[in-house]
Protein chains: 2
Amino acid sequence: MLLLLHRPVVLGLRQAFRLRSSPSRLCVQTCSTNNSFQPQHPSPNFSGDNYSRRGWKVMGTLLGLGSVLAYHDHRCRASQESPRMYTKEEVSSHSSPETGIWVTLGCEVFDVTEFVNIHPGGPSKLMLAAGGPLEPFWALYAVHNQPHVCELLAEYKIGELNPEDNVSPTLDISDPYANDPKRHPALRVNSQRPFNAEPPPELLTENYVTPNPIFFTRNHLPVPDLDPDTYRLHVVGAPGHQSLCLSLDDLYKFSKHEITVTLQCAGNRRSEMTQIKEVKGLEWRIGAISTACWAGARLCDVLAQAGHQLSDTEAHVCFEGLDCDPTGTAYGASIPLARALNPEAEVLLAYEMNGQPLPRDHGFPVRVVVPGVVGARHVKWLGRISVEAEESHSHWQRRDYKGFSPSVDWDTVDFDSAPSIQELPVQSAITEPQDGETIESGEVTVKGYAWSGGGRAVIRVDVSLDGGLTWQVAELDGEEQSPRKAWAWRLWQLQAPVPSGKKELNIICKAVDDSYNVQPDTVAPIWNLRGVLSNAWHRVHVHVAP
Amino acid sequence: MLLLLHRPVVLGLRQAFRLRSSPSRLCVQTCSTNNSFQPQHPSPNFSGDNYSRRGWKVMGTLLGLGSVLAYHDHRCRASQESPRMYTKEEVSSHSSPETGIWVTLGCEVFDVTEFVNIHPGGPSKLMLAAGGPLEPFWALYAVHNQPHVCELLAEYKIGELNPEDNVSPTLDISDPYANDPKRHPALRVNSQRPFNAEPPPELLTENYVTPNPIFFTRNHLPVPDLDPDTYRLHVVGAPGHQSLCLSLDDLYKFSKHEITVTLQCAGNRRSEMTQIKEVKGLEWRIGAISTACWAGARLCDVLAQAGHQLSDTEAHVCFEGLDCDPTGTAYGASIPLARALNPEAEVLLAYEMNGQPLPRDHGFPVRVVVPGVVGARHVKWLGRISVEAEESHSHWQRRDYKGFSPSVDWDTVDFDSAPSIQELPVQSAITEPQDGETIESGEVTVKGYAWSGGGRAVIRVDVSLDGGLTWQVAELDGEEQSPRKAWAWRLWQLQAPVPSGKKELNIICKAVDDSYNVQPDTVAPIWNLRGVLSNAWHRVHVHVAP
């Protein structure tokens, strides 16, 4: 009965959720006890993850969300009379249809088991929050910040969180990762130490620009905790020129350049290679790829100030991070000098990500962004830049992030025989529906992303519903990009009738870039011992509801 | 018996044939009645295909070949006593083991049926000349120009050509193709009018630089017969600048730039697509690709002289040929202005090909060479250059040379929906052994070419002998090339044991470029109605001799 009453609201919300073309670059929330996912103001004078609750309320009011905050404060007070109290542990044990599905918002606990299937954004998205707080997800979807959403939710309240349960864990100073930042609960974690995680398919292509909290994170070492006031970037000058030692304020003085760039880890979709034969590396699914609008100084401007110009001999620009292993070895990588000095290549020393200072996980305060090039060269927490005759001597440049023939194993591999990965090949994947899902008969919507390295634009995505026998052309969404500078992905979708009588579909996607490069059909012939460059057709098997 | 006596010579020759790394840019011949395949001196004052026999002998003497010429003159006189006479028709009817294999050299006729299988270059290469003159082939292989080769051949003499048979056919002035140049008999002709032909696999990768006479020819219209003295190239100037009208001498005044570039037709390997489903286009096998050393003026220098510079709006450089259809429509195509003006892209207005003036079939006196880009944009017999806001409006730019999804047919095709092909995707093919061949057990040598568009270097070629189950890495030959400017192919080979007990092999090759782009596994998913961009793994099925 209650659910029926709310139908019009739910349908209205469903409409609101469809408006996906405008990226939600501002993350807002209503009433939070968890301040890790609040919006961050571009300002060099704060440490990225610490904000006051007061600052939050000011912003909420400025954005016309005062009513939401006021309403929620009222609810909290009203329910203080005789609430049933729960621990976080109790809440987290309710995360499936079998146990019941509980979530929290501020101090309140809700049983949304009956609401999940009518959630306007789809059941799978609400399930991401099952057993935990709603705030990190509402921060991604501003559509929730309306009084009628809070009213709707209030009907499902079952109690409150035990305040005594809300103590901070003690910091283990012997753990080099103890000071890593808090992460968004929606991230699928592939490794905690170092932290490596990807957004789930449900969220990956919800926005053209990936919200910072769910941007895939690829760390090789503990996250350094850098003070923006004392941060310095060392740029080794050309012979006869002075080296530079740049503060953040010095960097801000260079012309600010803003570009939307997709980053992809070389190991994206490695899990599909593992299915062929074991490989060494993290089990990335299709989410080791994300897109952000980056802003910063152009590397070519900074190198010019240090006296560098294009030399006749092939030279390389080496980057060193401020993240170190216990022996003091920093993460390092390099790119060719020609790319670094070419204004058209738009290599950035980025200090902003989607209008905010870089989050700590993404290189605060400065990282390199090399459009069209593998993620491994976008060195985070950048400490040092030098121009060398040879590539970086770091492990990650010379003994990793290279591709080999399927016949090469750890006994026969010669890392010097292959070039370091720079530009990546054409790639695409299906984010909806997901493998194993049951879809309705009638019509199916297939969604995903497609991207190619080197600024090559994606010109077409073909989708097959019958395992590759026939193909349909998907509709491409996303921003128009300059020729030769297509640094960001295209999102795509296909709406097509489910062939009648079919009990299952083998859905495949494959993309074509503007050099007419295509993806290979199968994984085995591109298998390699490090499991990189996994860009075969993406395949999803689904059942059709009778 | 006779054959046994010659074994040491034959083995010596076999060694000489193996020396393939140095390109044979100079084509020489000993005694010829056919002057179409003689070497050409770079000189602006002659029509490419006419040379005097005297000039030939001078060059022979200069190269120390006087003894060969003298010997051959002697043989011709000696055999004048009582030679048996044959017509060309009789000779050409002897071109198979069943009929006997005859060839001619100058006025003499030889029956080489018994020699074919011990020919040091392999039987297949001698068979290319079966039923016709040896000169065009000896012109490609200077190793034949030695007295002992002539002595060896003399043993097989059976008579002479009837001199009365040697009359020129009358010119049919109603045929627009009547004045097309004479072509090398080794070319596999896909279409006579317009002339389109490719070198056979046996010859395609014999040299890193393809000899001019067997360079693949892709004509859309009759070959114009242009007078180098009156030839003019019109370059439309930028607003406020004068247009240029350049003679060949004017072009020679620009700095001369020389680069080795592979050209590939978009339709290369179309015949493999036809096997899937009918397509519209010439039946190119694997030979619509060749490599030459081109020299000429840089397009960027010529455009700069006409006042052009990079504009903010996307602009195009349009080329028009002097080849016309009966309605007066010229061949035309365009490339982006950014590529044309970039000195690193090395776009040429070429007037030399392998040290000689362009042959008529390849654009005499001037053609465009656009490294890394599909052959269709390398406009031949260049008459006009202009900078436009839009791509060329020619049929070949807008209604041809584009790729589509396999689902698109002639009823549904929208040519405006796909970009014109510019850079080509990674490609490779096997030239030895050939499909259907029987190979010896023991060891097999697999050879071929690999290339990628856009200056991307080929970094690896994988070869499978078992239909793709296992792979071996081939050895790459060919010149080292600058990063991002790998305009020319790599030749490759693999020597591997034939797996014991195998009666047949399914040999496959696939290449990887330095953006780690790979070739697709199969043809059907890249099939398109025009049969372009056919770059699936190349497959060759061979039998193993018991």
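Not measured: the values here are computed from a predicted model. (Residues numbered from 1 in each chain as written. Chains lettered and ligands numbered in written order. Predicted model: local features only at pLDDT ≥ 70, side-chain atom pairs only at ≥ 80, totals over all residues. Heavy atoms only, no water.)

Caption draft 1: Seen up close, the overall build of chain A. From N to C terminus, chain A includes 14 helices and 27 strands. Taking all 546 residues of chain A together, 60% fall into the buried category. Summarising the internal contacts of chain A: among those between residues at least 6 apart in sequence, 71% fall at separations of at least 24. As presented, chain A carries roughly 22500 Å² of accessible surface, and 51% of it is formed by carbon and sulfur atoms. (Helix = DSSP H or I, 4+ residues; strand = E, 2+ residues; numbered from the N terminus. Buried < 20%, exposed > 50% of the residue type's maximum accessible area, 1.4 Å probe, protein only. Contact = heavy atoms within 4.5 Å. Areas by Shrake-Rupley, 256 points an atom, 1.4 Å probe, with all protein chains shown as cover.)

Caption draft 2: How the structure looks around the UniProt feature "domain: Cytochrome b5 heme-binding" (unreviewed entry) in chain A. UniProt marks residues 83–162 of chain A with the feature "domain: Cytochrome b5 heme-binding" (unreviewed entry), using the numbering shown here. A distance of 10 Å separates the end C-alpha atoms of residues 83–162 of chain A, which is 28% helix and 24% strand. (UniProt positions renumbered as here; feature names shortened; annotations may be inferred.)

Caption draft 3: Structural detail: the packing of aromatic side chains. Residue and element names in this part refer to chain A. Counted by the stated rule, this structure contains 22 aromatic pairs over all chains. An angle of 65° between the planes, with centres 4.8 Å apart, marks the rings of Tyr86 and Trp102 as edge-to-face. With Tyr86 in strand β1 (residues 85–86) and Trp102 in strand β3 (residues 100–105), this pair connects stretches of sequence that are 16 residues apart. Taken as a pair, Tyr86 and Trp102 share a single burial class, namely buried. Ring geometry for Phe216 and Trp284: centres 6.1 Å apart, planes at 90°, overall edge-to-face. (Phe/Tyr/Trp six-rings, centres within 6.5 Å; stacked < 30°, edge-to-face > 60°.)

Caption draft 4: Quick look at the pairing of strand β13 (residues 316–324) of chain A. Residue and element names in this part refer to chain A. As paired elements, β13 and strand β14 (residues 330–336) share six bridges and run antiparallel to each other. Residue pairing in the sheet places Val317 in a bridge with Ile335 of β14. The turn linking β13 back onto β14 is made up of five residues, and Gly328 within it adopts a positive phi angle of 90°. As paired strands, β13 and strand β18 (residues 382–388) are joined by six bridges and run antiparallel to one another. Of the residues in β18, the one forming a bridge with Cys318 is Ser386. (Pairing = 2+ DSSP bridges.)

Caption draft 5: Region of interest: the interface of chain B and chain A. Chain B puts 39 residues into the contact, and the matching count from chain A is 39 residues. In this assembly, chain B packs against chain A so that about 2900 Å² is buried in total across both faces, 53% of it on carbon and sulfur atoms. Our count for the chain B to chain A interface comes out at zero salt bridges. (Buried area = accessible area lost by both parts, 1.4 Å probe. Salt bridge = Lys/Arg side-chain N within 4 Å of Asp/Glu carboxyl O.)

Caption draft 6: A look at the environment of Glu390 of chain B. All names here are of chain B. By the element assignment, Glu390 lies in the loop between β18 (382–388) and α14 (395–398). The partly exposed category is assigned to Glu390, whose relative accessible area is 42%. Residues Glu390 and His316, spaced 74 residues apart in sequence, show a C-alpha to C-alpha distance of 5.9 Å. Among all residues touching Glu390, those that are not within four sequence positions of it are His316, Cys318 and Arg398.

Caption draft 7: Region of interest: the nonpolar core. Counting 70 residues, the largest nonpolar core has Leu299, Leu349, Leu382 and Ile385 of chain A as its most contacted members. Each residue touching Ile385 of chain A, except ones within four places of it in the same chain, is listed here: Leu233, His234, Val235, Val236, Leu299, Leu303, Val317, Cys318, Phe319 and Leu349 of chain A. In this structure, Leu221, Ala297, Ile335 and Val368 of chain B belong to the second largest nonpolar core, which totals 69 residues. (Core = buried A, V, L, I, M, F, W, Y, C linked by side-chain atoms within 4.5 Å.)

Caption draft 8: Representation of the side chain of Ser420 of chain A. Structurally, the position occupied by Ser420 of chain A is in the loop between α14 (395–398) and β19 (427–432). A distance of 3.3 Å separates polar atoms of two side chains, one belonging to Ser420 of chain A and the other to Gln397 of chain A. Setting aside anything within four residues of it in sequence, one finds Ser420 of chain A in contact with Arg377, Glu391, Gln397, Tyr401 and Lys402 of chain A together with Tyr516 of chain B. (Polar contact = N/O pair within 3.5 Å; in protein donor to acceptor, adjacent residues only side chain to side chain.)

Caption draft 9: How the structure looks around the domain arrangement of chain A. Residue and element names in this part refer to chain A. Domain boundaries assigned for chain A yield domain 1 (82–165), domain 2 (188–399) and domain 3 (426–544). With centres defined by C-alpha atoms, the gap from domain 1 to domain 2 works out at 37 Å. With five residues of domain 1 at the contact, the number on the domain 2 side is eight residues. Of the roughly 590 Å² buried between domain 1 and domain 2, counting both surfaces, carbon and sulfur atoms make up 75%. By the criterion of area lost to domain 2, the three top residues of domain 1 are Leu128, Leu140 and Tyr141, representing 70% of everything that side buries. In this structure, Glu206 and Lys125 form a salt bridge, with 3.5 Å as the shortest nitrogen-oxygen distance. (Domains from an automatic or database assignment.)

Caption draft 10: Quick look at the sheet that holds β18 of chain A. Residues and elements named next belong to chain A. Spatially, five strands are ordered β10-β9-β18-β13-β14 in an open sheet, and the strand pairing comes out mixed. Of all the strands in the sheet, the pair left with one neighbour each is β10 (244–246) and β14. Ignoring strand direction, the axes of neighbouring strands in this sheet form an average angle of 15°. (Axes fitted to C-alpha atoms, helices over the stretch in contact; angles between N-to-C directions.)

Caption draft 11: Just the pattern of salt bridges, in detail. Residue and element names in this part refer to chain B. Taken as a whole, this structure holds 42 salt bridges over all chains when the rule is applied. Among the ionic pairs, Asp301 bridges to Arg298, the shortest N-O distance being 3.4 Å. By relative accessible area, Asp301 is classed as partly exposed at 22%. Here Arg530 makes a salt bridge to Asp400, at a shortest N to O gap of 2.7 Å.

Caption draft 12: Here's a closer look at the relation of the copies chain B and chain A. With an RMSD of 0.1 Å, the operation that places chain B on chain A is a rotation of 180° combined with a shift of 0.0 Å along the axis. Look at the turn and shift together and you get a two-fold axis relating the two. Ranked by how close their C-alpha atoms come to the rotation axis, the residues of chain B are headed by Pro520 of chain B, at 2.1 Å. Both copies present the same face, since 100% of the interface residues in chain B are matched by interface residues at the equivalent positions in chain A. (Least-squares fit on C-alpha atoms with pLDDT ≥ 70 in both.)

Caption draft 13: Focus on unusual backbone geometry. Look at the link from Phe364 of chain A to Pro365 of chain A: it is a cis peptide, with omega at 5°. Along the chain, Glu432 of chain B connects to Pro433 of chain B via a cis peptide bond; the corresponding omega equals -5°. The topology assignment puts Pro433 of chain B in the loop between β19 (427–432) and β20 (438–439). Although it is not a glycine, Arg269 of chain B sits at a positive phi angle of roughly 65°. Within the secondary structure, Arg269 of chain B sits in the loop between β11 (256–264) and α11 (270–274). One non-glycine residue, Glu346 of chain B, lies in positive phi territory at about 55°. Mapped onto the elements of the fold, Glu346 of chain B is located in the loop between α13 (337–341) and β15 (348–353). Glu346 of chain B gets classed as buried once you look at its relative accessible area, which sits at 10%.

Caption draft 14: Spotlight on the state of the cysteines. As enumerated under the stated definition, the model contains zero disulfides over all chains in all. In this model Cys324 of chain A remains outside any disulfide bridge; the closest cysteine sulfur is found in Cys318 of chain A, 16 Å from its own. The class for Cys324 of chain A is partly exposed, based on a relative accessible area of 37%. With no disulfide partner, Cys245 of chain B has as its closest neighbouring cysteine sulfur the one in Cys324 of chain B, 17 Å distant. (Disulfide = S-S within 2.5 Å.)

Caption draft 15: Focus on the sheet that holds β19 of chain B. Residues and elements named next belong to chain B. Pairing is antiparallel in the open sheet, where four strands are placed in the order β19-β21-β25-β24. The two strands at the open ends of the sheet, each matched to only one other strand, are β19 and β24 (475–477). Strand-to-strand, the axes of this sheet are offset by a mean angle of 30°, without reference to chain direction.

Caption draft 16: Quick look at the environment of Asp521 of chain A. By the secondary structure assignment, Asp521 of chain A is in the loop between β26 (504–513) and β27 (538–544). Asp521 of chain A gets classed as buried once you look at its relative accessible area, which sits at 5%. The sequence separation of Asp521 of chain A and Asn535 of chain A amounts to 14 residues, and the corresponding C-alpha distance is 9.0 Å. Each residue touching Asp521 of chain A, except ones within four places of it in the same chain, is listed here: Ala536, Trp537 and Arg539 of chain A together with Pro520, Asp521, Thr522 and Pro525 of chain B. At 2.5 Å, the side chain of Asp521 of chain A forms a polar contact with the side chain of Thr522 of chain B.

Caption draft 17: The arrangement of the pairing of strand β15 (residues 348–353) of chain A in detail. Residue and element names in this part refer to chain A. β15 sits mainly inside the fold: six of its six residues count as buried. One ladder, built from five bridges, connects strand β12 (residues 289–298) with β15; its direction is antiparallel. In the strand pairing of β15, Ala297 is matched with Leu349. Hairpin connection between β15 and strand β16 (residues 356–357): a loop of two residues separates the two successive antiparallel strands, and Asn354 in this loop has a positive phi of roughly 55°.

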